[in-house]
Every structure is written in structure tokens, then in C-alpha cells.
Amino acid sequence: MTLAAPEAGKGAAAAPPPARDPMSPTPWRVCRAFRETDDTFTLELIPEPGREVRPFAAGQFNMLYLPGIGEVPISISGDPAYPHTLVHTTRAVGAVTKKMAAIRRGDSVGVRGPFGTAWPVESSEGSDVVFVAGGIGLAPLRPALTQLLSRRERYGRVVLLYGARTPEDILFRKTLREWRADFDLEIHVTVDRATRDWRGNVGVVTSLIPRVPFEPGHTVAMICGPEVMIRYTVMELERRGVGPDRIHVSLERNMKCAVGFCGHCQLGPHFVCKDGPVFPYEKVAALLNQREV
Amino acid sequence: METLEPLLAEHPFVRGMNQSQIETIAGCASNARFETGQYLFREGEEANQFYILRKGRIAIEAASPTRDPIVIHTYGDGEILGWSWLVPPYRWRFSGKALELTRVLMLDGKCLRGKCERDHDLGYELLKRFADILASRLDAARLQLIDMYDKGGRR
């Protein structure tokens, strides 16, 4: 097994270069597979012996392939410092992901990637950082948080605002507990609909923004979730005084080839697979209301 | 006697108001604390206050005859709670319960309504701020209705 070296000096949001043949999947072995919630699951993959391991950056995604079933883009939710284990958390919602939810330890999965742009973790050093995650949008943000927390002293206030549908839909409970206990990280979790035993916050994630401490003029925001949530989150951040040039969003479109050939994920002048999924908000602000074709 | 004006003046709610307006509002303010589980107000009661949460958490509940009250929203540090004092018939639409020891600035809405009738500039400043709060609450309520984390979505 060899580890390809990441490109040096490429800047904060620079992502590793694509694989030599980005269209050919490489087989990876499932070392752990488990349910996170009722409809989400995590796969942890290790490379087959002798296979090249490519570094990835927080925010990138892989195309995961099940022979005879199909291929889907899934964000990487593991630690960029440990690229030998690929972690993918997703929702069982379509034909491919429903099959994936049933695979077990020892099964094989084809992997193409990593693809796409990265969260601006390094270039945010010195700033307050606000992460806003909605639903399964916490998964693509987890690598950025992990990376930031490994160098926590380089940042100002760090806040994670996380909204889920119900308490049962909260992802990564153990990770959230560990982050709360071990790091100088303010975490606020809220649910849209409370159940009987829930003692936490109730209300949409945007309603948390007015109550958390950060210095708007020196804050970088990273947002991931349903696009309607992204739009309203941006509005609330702008009300607090965070400039649109300091807001970054991760978008999701119908990505197929992942290298900007097929055009399935085209959004205005951008290909989400290649120019995104992480965009500076300013670049895509005018495109966010457009329906996917 | 020490007034609550300095405390009030620090809050973003009064940012942009002149000193005289802040003093007028502070004249209708008092400190209050609520123990865990204590109700600040109950649905249907006369609404003569609004609250600036200094520290703590409040749940807004809707009563249901067949089950426990439904928590529809929670508020935390620094937030403004209560607009029923501003809109006839001045009755609370929901109940507000402290989820932990909560300290608030309590503003007497009846007192403020009277002052706003006499001083329309003050009234306009207050209305602008409450319109902003109401717009945010409406946005939040609509987002809850959308059910944006619907199982059909990928995120």
C-alpha cells in the first residue's frame, strides 16, 4: 500500500489532485458498517493490499460503486489525517444507498476519488469559526471540525450549530459528546420536533445563530445541509454581520462522472463535482434557488 | 435607587435608540428569576410583559388535552421572548416554562404601550424591532413546516 503525497503549498482550500484514472474505481474492503440512526449508516473502508491510498481534504467526496447496482457520490466524513481509512456516512434513500446500507464487514466497495473542493480550514486560522450543519450535513463538516480541533489553538471562538429533524435523527452522538468534553468548542444542538424525553433545544437551526458568541467581522462560516436551510442560515448570519465573502457552503447536485465531463451536476457556470461541492457563498448566491434538472 | 438602564443598554435590542428612549424603556423594566419548571406565563393569560433572557432557557409550549404539552421552541441567552403584549387582545398564545434557572429582564408591556401612545417615535423604534423579531419567528415557523430534513432528501 502506498500513500500518495498531498500537494504542498496549495493554500487552505486546495484539494489533492485527482487520481491518474479518475473513472476507474479501486476496490476497498468494508472494515466496519453500522447504523447511525434509523435511516443513516456509516461505512469504514480500508484499501485492498498494495493499493494506492490518496490523501483527501475536508469537504471532498468519493464516488462509491456497488457492482451491478450503481454508483453514488458520498462525502468523506472521516479524519483527513488518516486517509488509510475512508469513512462515509449517508442516508439510505435511493436504490444504491439502500443496497449499501445492507453491506457488511468484509464486503468490497469500488471507490473513485477523492473529488471536489475543500472547506477553508487552514485559511480560517486566526478567525472565529461557525459551523452550521443540518441533518446529514454534519457528515461532510466532520472532517473540517476534526482538522480544526487538531490545531485548536490557531483559531478564535469555534461554534458548531447542528439541527436535526427529531432527537432520534441526531448523528454522531458519541463524537459530539467527546468534542464537548475534550475541546474548547461550543456546541448547540436543536431539533425541529421534540419528542417526550428531549430536554434540549427545539426550533430550526437558524434560530440558534442569534444566541451564540462570535465576532461577526472576524468569523468564517461553513454551512452544510438542505439548500433551503443554507439560504436561511446565510440570511441569519448576514443579520449578525457576517459578510458573504466569509461564508462557505457545500452543495449537492446530481453528480455522476465527478470530473466535470457529463454535466449532470451543472449549476449555472459551475460543475458542482469539480468546482464544488464547497463554494464561497458569493459564487453561488444567485444560483441557489434554481431547480435541479 | 439603581436602575436597570445600564443592563438594558448593553443589549442589541436597544442598539440605535437614543438615551432618552432607553431610559424610558428601563423605567418599565425589572429583574426576575424563574426556577426550573416554573412558568413565566401561561396560554390564555393576559399578556402584559416581554422578557429579555439574561441567562437560562425557556420552552414555549402548546397545551394538548390528550398528551403532554408540545414544546414548539426553546429560547436561550440574550433572546427576546414575548410579543403578545403588543397585539390585541393581549393574551399569551402559548405557555413559557423555565427549563433551568433563568434570569430575565422583565419589561412591563402595559406600561410601554402607554408610553408608546404618548411618544410615537419610541413606539416606532419598538415596532421596528418587534417586526424584525416577528419576521424571524415567521421564517423559523415556516422552515419547521417545510420539514426540510424530509426522509426523501439526500441531506
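Quick caveat: nothing in here was measured; it's all calculated off a predicted structure.

### What about the overall build of chain A?
Part 1: Of regular secondary structure, chain A possesses six helices and 17 strands.
Part 2: Principal-axis analysis of the C-alpha atoms gives chain A an extent of 50 × 45 × 40 Å.
Part 3: The 293 residues of chain A split such that 47% are buried.

### Describing the nonpolar core
Part 1: In this structure, A:F131, A:L161, A:A221 and B:Y51 are the most contacted members of the largest nonpolar core, which totals 115 residues.
Part 2: Counting only domains with at least three residues in this core, you end up with domain 1 (24-115) and domain 2 (122-250) of chain A.
Part 3: Leaving out residues up to four positions away in the same chain, A:L161 has contacts with A:V130, A:F131, A:V132, A:H188, A:V205, A:L208, A:I209 and A:V212.

### So, the interface of chain B and chain A
Part 1: Contact with chain B, which involves 20 residues of that partner, is made by 27 residues of chain A.
Part 2: The set of elements that each furnish at least two residues to the side of chain B that touches chain A consists of strand 5 (70-75) and helix 4 (120-146) of chain B.
Part 3: Of all the elements, helix 4 of chain B adds the most residues to the side of chain B that touches chain A, at five residues.
Part 4: The class makeup of the residues in the side of chain B that touches chain A is seven nonpolar, six polar and seven charged.

### A look at the domain arrangement of chain A
Residue and element names in this part refer to chain A.
Part 1: What the domain assignment lists for chain A is domain 1 (24-115) and domain 2 (122-250).
Part 2: Averaged C-alpha coordinates put domain 1 and domain 2 at centres separated by 24 Å.
Part 3: With 16 residues of domain 1 in contact, the opposing surface of domain 2 contributes 13 residues.
Part 4: It is strand 7 (residues 86-91) that contributes the most residues to the side of domain 1 that touches domain 2, three residues altogether.
Part 5: Classifying every residue of the side of domain 1 that touches domain 2 gives four nonpolar, eight polar and four charged.

### Some points on the packing of helix 3 (residues 109-118) of chain B against helix 4 of chain B
All names here are of chain B.
Part 1: Across the interface, helix 3 lies against helix 4 with an axial gap of 5 Å and an inter-helix angle of 125°. Classed by the angle they form, the pair helix 3 and helix 4 counts as oblique. Counting all contacts with helix 3, which are made through L112, K115 and C116, the residues of helix 4 involved are L122, G123 and L126.

### Overview of the sheet that holds strand 8 (residues 108-115) of chain A
Residue and element names in this part refer to chain A.
Part 1: The strand order across the open sheet built from six strands is 6-5-8-2-3-7, with neighbouring strands paired in antiparallel fashion. Bordering the open sheet on either side are strand 6 (70-75) and strand 7, each of which pairs with just one other strand. The sheet shows a mean angle of 40° between the axes of neighbouring strands, taken without regard to direction.
Part 2: Pairing of strand 2 (residues 26-35) with strand 8, which is carried by four bridges, proceeds in the antiparallel orientation. Bridge pairing in strand 8 places W28 opposite V109.

### With respect to helix 4 (residues 227-240) of chain A
Part 1: Between its first and last C-alpha atoms helix 4 of chain A spans 20 Å; for 14 residues at 1.5 Å apiece the expected length is 20 Å, and the two agree.
Part 2: Buried residues of helix 4 of chain A: A:E227, A:M229, A:I230, A:Y232, A:T233, A:V234, A:E236 and A:L237, and no others.
Part 3: Looking at the packing, one finds that the buried side of helix 4 of chain A touches strand 9 (128-134), strand 13 (219-224), strand 14 (247-250) and helix 6 (281-284) of chain A together with helix 4 of chain B.
Part 4: In the segment just after helix 4 of chain A, A:G241 is the residue with positive phi, at about 105°.

Reading the values: rules and limits
- Residues numbered from 1 in each chain as written.
- Chains lettered and ligands numbered in written order.
- Predicted model: local features only at pLDDT ≥ 70, side-chain atom pairs only at ≥ 80, totals over all residues.
- Helix = DSSP H or I, 4+ residues; strand = E, 2+ residues; numbered from the N terminus.
- Buried ≥ 20, exposed ≤ 12 C-beta atoms within 10 Å, placed from the backbone.
- Core = buried A, V, L, I, M, F, W, Y, C linked by C-beta atoms within 7 Å.
- Domains from an automatic or database assignment.
- Contact = placed C-beta atoms within 7 Å.
- Nonpolar A, V, L, I, M, F, W, Y, C, P; charged D, E, K, R; others polar.
- Axes fitted to C-alpha atoms, helices over the stretch in contact; angles between N-to-C directions.
- Parallel < 35°, antiparallel > 145°, perpendicular 65-115°, else oblique.
- Pairing = 2+ DSSP bridges.
- Expected span 1.5 Å × (residues − 1).

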